[in-house]
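Structure at a glance
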Amino acid sequence: MNDSLILRTSAPLLLWLALAVSIFIVLRGHNAPGGGFLGGLIASAGILLYAIAHGRDRAMRRMRMAPVGLCGIGLLAALASGLLGFVTPDTPYLTHRWWFPGGGLALGTTIVFDLGVYLAVVGTVTAMFLPLLRK
Amino acid sequence: MDQVLLASPLLVPLAASAVTALLWRRPGLQRPVSLAAAVLLLGCSAALLSHTLAAGTLVGRMGAWPAPFGIVLVVDVFSAIMLVITGLMAVAVAVYSAGQGATERDRAGFHPLFQGLLLGVTGAFATGDLFNLYVWFEVMLIASFGLLVLDRTREQLDGGLRYVALNLVGTTFFLLAVGLLLGLTGTLNMADLARLAPAVENQGALAAVAVLLLIAFGAKAAVFPLFNWLPAAYHTASMPVAAIFAALLTKVGVYAIIRVFTLVFAHDTAFFGPIVGVVAMATMVTGVLGAAAHYDVRRILSFHIISQIGYMLVGVALMTPLAIAGSVLYVIHHIVVKANLFLIAGAIRQAGGSFALARLGGLWVTRPVLGLLFLIPALSLAGIPPLSGFWGKLAVIRASLEAEAWLLAAVALAVGLLTLFSMIKIWNEAFWKAAPEPPPAETWSRAARFATFAPIVLLAGTTLAIGLWTEPFMGLSLAAADGLLDRQGYIAAVLGERATAALQEGAR
Amino acid sequence: METLLAIAIGAVVTASVYLFLSRDLLRMLIGFILFGTSVNLAILLAGRIGPIRPPLVDPGAAALEAAANPLPQALILTAIVIGFGLTAFALVLVLKGHEALGTTSAEDMGEAEPVAATAPSTALPAPHRKAA
């Protein structure tokens, strides 16, 4: 499997495609259903495909971070997005804040939550499955 | 400020889990973070308990969604007590985990998983939503999977597979019950369920759902006949892991049974009381007999977890204020004592070189302090006055006598005697008889010895405090029982007067 | 339609129970996946298929007449996410178990509860057990 020319050539391209699609899915979720979990799965599918084609170590190098560390950043981001709920007194945790600059644009802190979920999913899935691959 | 306090028992372990995961490549730094988080968790929980005692049930509607639609966190006295005990266990185990074998454990990822487990436990204690409870169960389960196979030994992998297989099925039953309950009532908020359950037309279906929940929580709590996974797995885990499992995992199942059956299915106590009573008796007897048949310290202790779960269910079986207070006191006492016994088992292993009673001996000569520290929780577990277990058993048995449940009282008494037999067996074999082989050479560093004994002394001190100064603890348990039996108060606190009225108007 | 779905769920549960009874852990895992699927279907069915009033309607807005109940779908989505995590972990564990123990059959694994584990010191007779 490792010496398939087609897989080796296409895996880096598919990695970028998967990352692009995953970012789109995450963004679509900032104001509509969709979001972090699905995007994270798509991204990790791309990474795993790359790891199958080029080996675990190269994939790890391209991630630049320990998968578990990625998971940690994601959890912290998701946690922090909810802390803004405490800014005003007596609003509970996870009360998200919105800003409408006009032109139909709605910016909210939910996107931070979704990005956190995204990173956590990528980190968890790769941390679980990369060690199973051959070096 | 109340809302910060309410969310803190969840936020602290979540943040600690994330930070320790970020420090994955620096295991040495994880330990202080984990310990600081455990201390902070204990502090926040204690503040939460004093707040609920002073100002009543605290409710937080996550994301500011109105009550029956969004997820709510509800902390009443019972929840707050459980959170404080969780914090205490977190501190004890965080210190203990810095002892023998700490470096290998840290490298294998002990701390992120440990904090993740604490997150699942505190979440389960704080939530007021049945589906959210399911999610916290799963958080707890995944973290416990990782912790159980931390050392990747053959023994652990085998035990872990058994644990995983049975728990997967158990939680799926929980999910099924949640789905059916949603179909019957249209809500999953526990307060809302409590409001709607008596009016459900199809009470038969509701009872079937209740039994499914009893199976799911019972599998988690390791009651008869769903306990097999526990002695098959717990004894393989490394000692800090086994201690935190023994202290908290089964108790979350007990908590869920007490919460759901005093709140949602309380109108049907006449039907469920006897079922839970029989389950409780069978659990006590099988657990204690299993312990009598074993000769490995860890296995004896594992079976005793099962046996003691039976006592905690007596409150649900009888549903009187005293019985529920007895159950709560028993849970408090048991968590402290059982965690301590597992910690001591680790120290015995370190001092005597084995967990097998046949290969141990003479520890009373070489380690008299350890012997005394073992006697405190061991005799407390058996219910010898004036230690904490005596008061727990006294409350439970007195409640059974008052409710004229003679058989339950008799079984509880007899099982106490058999518990004493098991504890004396460990004492005789490990401490009293002559050592069959010379003990291993001293291998402890000063720091490791401090990390091992400090939590043991702390928990033994707690046991003594509960035993000798019972009044405040019994008062807390009675307050918790009052809160559990005051269903209208709980419903009003969660849903609010206005929401309750509006819902009744626009009912489906 | 509901009867048909109920029968389908029953069929899936039958298959999953059959797989659970197998000694091979991989089959048991597939059984668990099937069981989870059937439970998700059951939630969908319990939440009533077909149009129902959605639980959240803005004040003053008219409720969609032909909308499905979104709540069971949200529950199922969460359950799928969790089920995914559990299955992934169990799969990794089975694989590690296969590496360490050289088998995926529950019958051949006896590490955690060896027959000799209950044998006490010389003072007491060892329990008689059938040879495995």
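This structure is a prediction, so every number in the text was calculated from the model and none was measured. (Residues numbered from 1 in each chain as written. Chains lettered and ligands numbered in written order. Predicted model: local features only at pLDDT ≥ 70, side-chain atom pairs only at ≥ 80, totals over all residues. Heavy atoms only, no water.)

In terms of regular secondary structure, chain A is built from five helices and two strands. For chain A, the succession of helices and strands along the chain, N to C, is α-α-α-α-β-β-α. Viewed in the frame of its principal axes, chain A has a C-alpha envelope of about 60 × 30 × 20 Å. Residues counted as buried form 43% of the 135 residues belonging to chain A. Partitioning the contacts of chain A with sequence separation of at least 6, the portion at a separation of at least 24 is 64%. With an accessible surface of roughly 7,100 Å², chain A has 72% of that area assigned to carbon and sulfur atoms. Looking at chain A, you have 10 positive and 4 negative side-chain charges, and the mean spots of the two groups are 11 Å apart. (Helix = DSSP H or I, 4+ residues; strand = E, 2+ residues; numbered from the N terminus. Buried < 20%, exposed > 50% of the residue type's maximum accessible area, 1.4 Å probe, protein only. Contact = heavy atoms within 4.5 Å. Areas by Shrake-Rupley, 256 points an atom, 1.4 Å probe, with all protein chains shown as cover. Lys, Arg positive; Asp, Glu negative; His and termini not counted. Charge placed at Lys NZ, Arg CZ, Asp CG, Glu CD.)

All names here are of chain B. A cluster of nonpolar side chains, namely V211, I215, L226, F271 and I275, defines an oily patch on the protein surface of about 350 Å² accessible area. Residue assignment for the nonpolar patch shows that the elements contributing at least two residues are α9 (203-221) and α12 (269-292). In this structure, I275 sits in helix α12. For I275, a relative accessible area of 32% puts it in the partly exposed group. (Patch = residues over 30% accessible without salt bridge, like charges linked within 9 Å, V, L, I, M, F, W, Y side chains within 5 Å. Salt bridge = Lys/Arg side-chain N within 4 Å of Asp/Glu carboxyl O.)

Turning next to the interface of chain C and chain B. The partner chain B presents 44 residues to the 43 residues of chain C that form the contact. Interface of chain C and chain B: buried area, both sides summed, is about 3,600 Å²; carbon and sulfur atoms make up 76% of it. Taken together, chain C and chain B are joined by one residue pair in polar contact (both at pLDDT 80 or more). Looking at the side of chain C that touches chain B, the elements that each hand over two or more residues are α2 (25-46) and α3 (70-101) of chain C. Looking at the side of chain C that touches chain B residue by residue, the class counts come to 31 nonpolar, eight polar and four charged. (Buried area = accessible area lost by both parts, 1.4 Å probe. Polar contact = N/O pair within 3.5 Å; in protein donor to acceptor, adjacent residues only side chain to side chain. Nonpolar A, V, L, I, M, F, W, Y, C, P; charged D, E, K, R; others polar.)

Residue and element names in this part refer to chain B. One can find H51 in helix α2 (residues 27-55). Taking relative accessible area as the criterion, H51 reaches 18% and is therefore assigned buried. Once residues within four sequence positions are removed from consideration, H51 is found in contact with D2, L5, G56 and L58.

Moving on, we come to the packing of aromatic side chains. One pass over the structure, following the stated rule, counts 30 aromatic pairs over all chains. With a centroid separation of 6.2 Å and 55 degrees between ring planes, the pair formed by F265 of chain B and F272 of chain B is classed as tilted. With a relative accessible area of 2%, F265 of chain B lands in the buried category. Taken together through their ring pairs, the aromatic side chains of F145, Y163, W229, Y234 and F245 of chain B together with F89 of chain C make up a single cluster. (Phe/Tyr/Trp six-rings, centres within 6.5 Å; stacked < 30°, edge-to-face > 60°.)

Moving on, we get to the nonpolar core. Of all hydrophobic cores here, the largest spans 230 residues; its most connected members are M89, L130 and F174 of chain B. Looking at this core element by element, the count peaks at 20 residues for helix α14 (residues 321-352) of chain B. Core analysis: the second largest hydrophobic core is formed by 16 residues, L15, I111, V121 and V122 of chain A among them. (Core = buried A, V, L, I, M, F, W, Y, C linked by side-chain atoms within 4.5 Å.)

This part takes up the packing of helix α11 (residues 239-263) of chain B against helix α13 (residues 297-318) of chain B. All names here are of chain B. Contact geometry for α11 and α13: axes closest at 10 Å, N-to-C directions at 20 degrees. Between α11 and α13, the angle is such that the two are roughly parallel. Considering how the two elements wind past one another, α11 and α13 form a crossing that is right-handed. For the pair α11 and α13, contact is made by M239, A246, T250, K251, V254, I257, I258 and F261 and by R298, I305, I309, M312, L313 and V316, respectively. Split by residue class, the contact of α11 with α13 holds 11 nonpolar, one polar and two charged. (Axes fitted to C-alpha atoms, helices over the stretch in contact; angles between N-to-C directions. Parallel < 35°, antiparallel > 145°, perpendicular 65-115°, else oblique. Left-handed = near helix turned anticlockwise from the far one by under 90°.)

Another aspect to go through is helix α1 (residues 2-22) of chain B. Residue and element names in this part refer to chain B. If you check α1, its first and last C-alpha atoms are 30 Å apart, about what 21 residues at 1.5 Å a residue would give, namely 30 Å. Taken as a whole, α1 carries its principal kink of about 55 degrees at S8; the proline P9 stands between one and four residues after it. The element α1 is extensively covered by neighbouring structure, given that 16 of its 21 residues are classed as buried. (Expected span 1.5 Å × (residues − 1). Bend = angle between axes of the 7 residues up to and from the residue.)

Here we take up the packing of helix α7 (residues 154-185) of chain B against α2 of chain C. α2 of chain C packs onto α7 of chain B with a crossing angle of 10 degrees between their chain directions and a minimal axis gap of 8 Å. As judged from the angle between their axes, α7 of chain B and α2 of chain C are roughly parallel. Where α7 of chain B approaches α2 of chain C, its residues L161, A165, L168, V169, T172, F173, L175, L176, G179, L180 and G183 of chain B are matched on the opposing element by L25, M28, L29, F32, F35, G36, V39, N40, A42, I43 and A46 of chain C. Taken together, the residues of the contact of α7 of chain B with α2 of chain C sort by class into 17 nonpolar, five polar and no charged.

Right, let's talk about the interface of chain B and chain A for a bit. The partner chain A presents 17 residues to the 17 residues of chain B that form the contact. Around 1,500 Å² of area is buried between chain B and chain A when both sides are counted, 83% of it from carbon and sulfur atoms. When the area that chain B buries against chain A is broken down by residue, the three leading residues are Q3, L11 and L22 of chain B, summing to 30%. At the boundary of chain B and chain A, one finds zero salt bridges. Inspection of the chain B/chain A interface yields zero residue pairs in polar contact (both at pLDDT 80 or more).

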